[in-house]
Amino acid sequence: MPHHPYADILPLDLGDGLHLELRTRAGAPEAHELTMRNLDRLREWEPWAQPAQSLTATRTFTDFVLALYEQGKTVPALIVRDGHPIGSVSLKLDPGTAIGELGYWIDGAHEGRGIVTRAAAALRDAGFARGLARIEIRAAAGNTRSRAVAERLGFRLEGVLREALPVGDRRHDLAVYGQLAAERPTPSERAPG
């Protein structure tokens, strides 16, 4: 794959046997199994989880995000523990505006342990270190777990877009959080694992 500013960050050791690893086509079967184990939870908040899920669709999605990765437009990572994926974290990139957007989810069995916060903090820090001016997190207003990650990372709630997130036959209000490069925490202020 061509080199771009984020090619050197993955794999990234998060400590305690956790790593961030680039999604790969070879890893699609395990990523698909992870999604299927969590599909009911994901369907509550995620538009992408609404259609029927298949291994072919997971491979197609993986090919799509890897093509964007090659173009420097995303960092699609899996959160891995002991060689197996337990969640997903990505940093979408708009090189023209120097704005990134973090997205994340984790297996239900691993919730509540600070893993997503650590993974998102690592990609946030990498984004700011490579010149992003602003990073956003967008979450359904009712998704308190996702919003709590943004708040633990020091992101500021900038507004709520009414009915801006269609999920199945419902429309959720969308909470928009932002953090500027100048606001990023110093190492001593960063969220603990």
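Since this is a predicted model, take the numbers as computed values, not measurements.

## Here's the deal with the packing of helix α1 (residues 28-37) against helix α3 (residues 55-70)
- Between α1 and α3, the least distance of the axes is 9 Å, while the angle of their chain directions is 115°. In this structure, α1 meets α3 at a crossing whose hand is right-handed. Only Leu55, Thr58, Arg59 and Thr62 of α3 make contact with α1, whose side of the interface consists of Ala28, Pro29, Ala31 and His32.
- Here the residues of the contact of α1 with α3 sort into 4 nonpolar, 3 polar and 1 charged.

## Brief notes about the sheet that holds strand β4 (residues 84-94)
- Across the sheet, which stays open at both edges, the 8 strands sit in the order β1-β2-β3-β4-β5-β6-β8-β7 with mixed pairing between neighbours. With partners counted over all chains shown, the strands left at the sheet margins are β1 (12-15) and β7 (156-167), one partner each. Neighbour-to-neighbour, the strand axes of this sheet turn through a mean angle of 25°, independent of strand direction.

## Overview of the packing of aromatic side chains
- On inspection of all chains with the given rule, the structure shows 1 aromatic pair.
- Geometrically, the ring pair formed by Trp48 and Trp105 is tilted, given 6.3 Å between the ring centres and 40° between the ring planes. Taken together, the residues span a long stretch of sequence, with Trp48 in the loop between α2 (39-43) and α3 and Trp105 in strand β5 (residues 99-106) at a distance of 57 residues.
- Residue class for Trp48 comes out partly exposed when judged on its relative accessible area of 38%.

## Observations regarding α3
- Across its 16 residues, α3 extends 22 Å between first and last C-alpha, which sits within 8% of the 22 Å expected from 1.5 Å per residue.
- Among all positions in α3, only Thr58, Thr62, Val65, Leu66 and Tyr69 are buried. Along the long axis of α3, the arc covered by the buried residues comes to 105°, so they all point the same way. Exposed side of α3, more than 90 degrees from the buried face: Thr56 and Phe64 are the residues found there.
- The secondary structure elements touched by the buried residues of α3 are β2 (18-22), α1 and β3 (74-81).
- Backbone geometry just downstream of α3 places Gly72 in the positive-phi region, at approximately 75°.

Thresholds, definitions, all that
Residues numbered from 1 in each chain as written. Predicted model: local features only at pLDDT ≥ 70, side-chain atom pairs only at ≥ 80, totals over all residues. Heavy atoms only, no water. Axes fitted to C-alpha atoms, helices over the stretch in contact; angles between N-to-C directions. Helix = DSSP H or I, 4+ residues; strand = E, 2+ residues; numbered from the N terminus. Left-handed = near helix turned anticlockwise from the far one by under 90°. Contact = heavy atoms within 4.5 Å. Nonpolar A, V, L, I, M, F, W, Y, C, P; charged D, E, K, R; others polar. Pairing = 2+ DSSP bridges. Phe/Tyr/Trp six-rings, centres within 6.5 Å; stacked < 30°, edge-to-face > 60°. Buried < 20%, exposed > 50% of the residue type's maximum accessible area, 1.4 Å probe, protein only. Expected span 1.5 Å × (residues − 1). Arc of directions from axis to C-beta.

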